[in-house]
Amino acid sequence: SDTAADATILVDRRDDGVAVITLNRPKALNALNLQVMREVAAALAELEGDASIGCVLLTGSERAFAAGADIKEMAEASYMDMYLPDWFAGWDAVANFRKPIVAAVAGYALGGGCELAMMCDVLIAADTATFGQPEIKLGIIPGMGGSQRLTRAVGKPKAMDLVLTGRNLGAEEAERAGLVSRIVPADDLLEEAGKVAATIAAMSLPTVMIAKESVARAFETTLAEGVRFERRVFHSLFATEDQKEGMAAFIEKRKPNFVGR
Ligand code: CO8
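Residues numbered from 1 in each chain as written. Predicted model: local features only at pLDDT ≥ 70, side-chain atom pairs only at ≥ 80, totals over all residues. Heavy atoms only, no water.

Taking an unreviewed UniProt entry as the reference, the protein is identified by name as Enoyl-CoA hydratase belonging to Paraconexibacter antarcticus. As its UniProt record puts it under Sequence similarities (unreviewed entry), the protein is described as follows: "Belongs to the enoyl-CoA hydratase/isomerase family." (UniProt positions renumbered as here; feature names shortened; annotations may be inferred.)

### Overview of the overall build of the protein
Of the regular secondary structure elements, the protein holds twelve helices and ten strands. Here the C-alpha atoms of the protein give a radius of gyration of 19 Å, agreeing with the 18 Å that 2.2 N^0.38 yields for 261 residues. Along the first, second and third principal axes, the C-alpha set of the protein runs to 60 × 45 × 40 Å. For the protein, with 261 residues in total, the buried portion stands at 45%. Taking the intrachain contacts of the protein between residues at least 6 apart in sequence as the baseline, contacts between residues at least 24 apart amount to 65%. Accessible surface, the protein: about 14,000 Å² in total, of which carbon and sulfur atoms supply 56%. (Helix = DSSP H or I, 4+ residues; strand = E, 2+ residues; numbered from the N terminus. Rg over C-alpha atoms; globule rule 2.2 N^0.38 Å. Buried < 20%, exposed > 50% of the residue type's maximum accessible area, 1.4 Å probe, protein only. Contact = heavy atoms within 4.5 Å. Areas by Shrake-Rupley, 256 points an atom, 1.4 Å probe, with all protein chains shown as cover.)

### Some thoughts on helix H9 (residues 189–201)
Compared with an ideal rise of 1.5 Å per residue, which puts 13 residues at 18 Å, H9 spans 18 Å between its outermost C-alpha atoms and is within 8% of the ideal. All of the buried residues in H9 are Leu189, Ala193, Gly194, Val196, Ala197, Ile200 and Ala201. Seen along its axis, H9 keeps its buried residues to an arc of 160°; they face one direction. Close packing links the buried residues of H9 with strand S2 (18–23), strand S3 (55–59), strand S5 (101–105), strand S7 (122–126), strand S10 (182–184) and helix H10 (205–217). (Expected span 1.5 Å × (residues − 1). Arc of directions from axis to C-beta.)

### Some words on the site of the ligand
Surrounding the ligand, one finds 24 residues, the nearest of these being Arg63, Ala67, Ala69, Ile71 and Gly112. One nitrogen or oxygen atom from the main chain of Ala69 is found 2.8 Å from an oxygen atom belonging to the ligand. Taking 1,100 Å² as the accessible area of the ligand by itself, protein coverage stands at 66%. Where the shell around the ligand is concerned, the elements lending two or more residues are helix H2 (71–74), strand S6 (108–110) and helix H5 (112–119). For the shell around the ligand, a count of residues per class yields 14 nonpolar, four polar and six charged. (Near = heavy atom within 4 Å. Polar contact = N/O pair within 3.5 Å; in protein donor to acceptor, adjacent residues only side chain to side chain. Nonpolar A, V, L, I, M, F, W, Y, C, P; charged D, E, K, R; others polar.)

### Thoughts on helix H1 (residues 34–48)
For H1, with 15 residues, the first-to-last C-alpha span of 21 Å sits near the 21 Å given by 1.5 Å per residue. Those residues of H1 that sit buried are Leu34, Val36, Met37, Glu39, Val40, Ala43, Leu44 and Leu47. On its buried face, H1 sits against strand S1 (9–13), S2, S3, H2, helix H4 (92–95) and S5. Put simply, Asn33 is the residue that caps the front of H1, since its side-chain oxygen is 3.2 Å from the backbone nitrogen of Gln35.

### Examining the nonpolar core
Counting 51 residues, the largest nonpolar core has Trp91, Leu116 and Phe131 as its most contacted members. The dominant element in this core, judged by the number of residues it contributes, is H1, at seven residues. Not counting the four nearest positions on each side in its chain, Leu116 is found in contact with Leu23, Leu32, Leu58, Phe65, Trp91, Val94 and Met144. Counting 17 residues, the second-largest nonpolar core is a separate cluster that includes Val102, Ala104, Ile124 and Ala201. (Core = buried A, V, L, I, M, F, W, Y, C linked by side-chain atoms within 4.5 Å.)

### Quick notes on the sheet that holds S6
Spatially, the four strands line up as an open sheet ordered S4-S6-S8-S9, and their pairing is mixed. Both outer strands of the open sheet, strand S4 (64–66) and strand S9 (168–170), are each paired with one neighbouring strand and no more. Adjacent strand axes in the sheet meet at a mean angle of 20°, parallel and antiparallel pairs treated alike. Sitting on the sheet, H5 touches S4, S6 and strand S8 (130–132), and the angle it makes with S6 is about 90°. (Pairing = 2+ DSSP bridges. Axes fitted to C-alpha atoms, helices over the stretch in contact; angles between N-to-C directions.)

### Thoughts on the packing of helix H6 (residues 146–154) against helix H7 (residues 156–165)
One way to put it is that H6 packs onto H7 with a least axis distance of 7 Å and a crossing angle of 140°. In terms of axis orientation, H6 runs oblique to H7. As for the relative orientation of H6 and H7, their crossing is right-handed in sense. Of the residues in H7, those touching H6 at Leu150, Thr151 and Val154 are Lys156, Lys158, Ala159, Leu162 and Val163. For the contact of H6 with H7, a count of residues per class yields five nonpolar, one polar and two charged. (Parallel < 35°, antiparallel > 145°, perpendicular 65-115°, else oblique. Left-handed = near helix turned anticlockwise from the far one by under 90°.)

### Considering a negative patch on the surface
A grouping of Glu62, Asp127, Glu172, Glu175, Asp187 and Asp188 is seen on the molecular surface, where their side chains present a negatively charged patch. For Asp127, the position within the fold is in the loop between S7 and S8. In this structure Asp127 comes out as partly exposed when scored by relative accessible area, which is 46%. (Patch = residues over 30% accessible without salt bridge, like charges linked within 9 Å, V, L, I, M, F, W, Y side chains within 5 Å. Salt bridge = Lys/Arg side-chain N within 4 Å of Asp/Glu carboxyl O. Lys, Arg positive; Asp, Glu negative; His and termini not counted. Charge placed at Lys NZ, Arg CZ, Asp CG, Glu CD.)

Rendered as structure tokens:
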């Protein structure tokens, strides 16, 4: 772990190609203040350039992935306090990160916590996970992409229900709605999510990055444009050594040894 004493996150680069980022403000249920945002963004910037890391695992505690943006930090803010520094734009570092991020969510993922989880690529939920966009109860609305990403994930009727009433969603309803990838027993969360992240990290890194980019494109464009994009980047993979290795390994009935280029 390479973390400062007063840090709000822990970063652990494992030798299986997975970097684990743990949100660590236990007394505030991992409320996402500006310090957390800056530390996550800085950690991701380092991991982006670390060729030994193929996947990031983002998690919180048993009690809370994150109970939202830090309400105490925002309570007295004015419009200009929010607007001029573009409050929370720094979280775009998560959404724009090029390697996959697996979120391992136990306990509360509310408000900005739910929005942060939705910025990740694979969302593994403990059976104890609770999702929601309760901002309406505070007189605000989701501000880290929730009104958009939630609606794309679960559709308009469910998103309206959640955003307008602020009610919580248990893990099972979240999975039925398409918000999470898988549910696992809470005791197995880190192990199971770690296996998913390690599986991804063992693949060809450029292929994984391009696969992520291609799926993410579906949220940005029309079907015809998205399919055209996919075909172009599909063709581009034939410029990688890993495509040659992966196909040769299949034909020779052995495991591929991807080199990440
Ligand atoms: N911000 C600051 N502190 C928090 C937050 C939060 N979001 N959530 C919990 N805490 C603190 C509590 O204040 C408490 O601190 P203290 O001990 O000093 O009083 C401590 O964490 C423990 O919390 P509770 O005692 O409340 O624990 P409970 O188990 O009783 O309840 C809940 C847990 C249900 C999760 C409850 O804490 C809660 O409702 N939290 C707030 C949830 C919420 O409303 N989240 C949305 C926040 S707004 C948001 O995320 C907007 C994002 C976009 C903003 C974009 C701006 C541009």
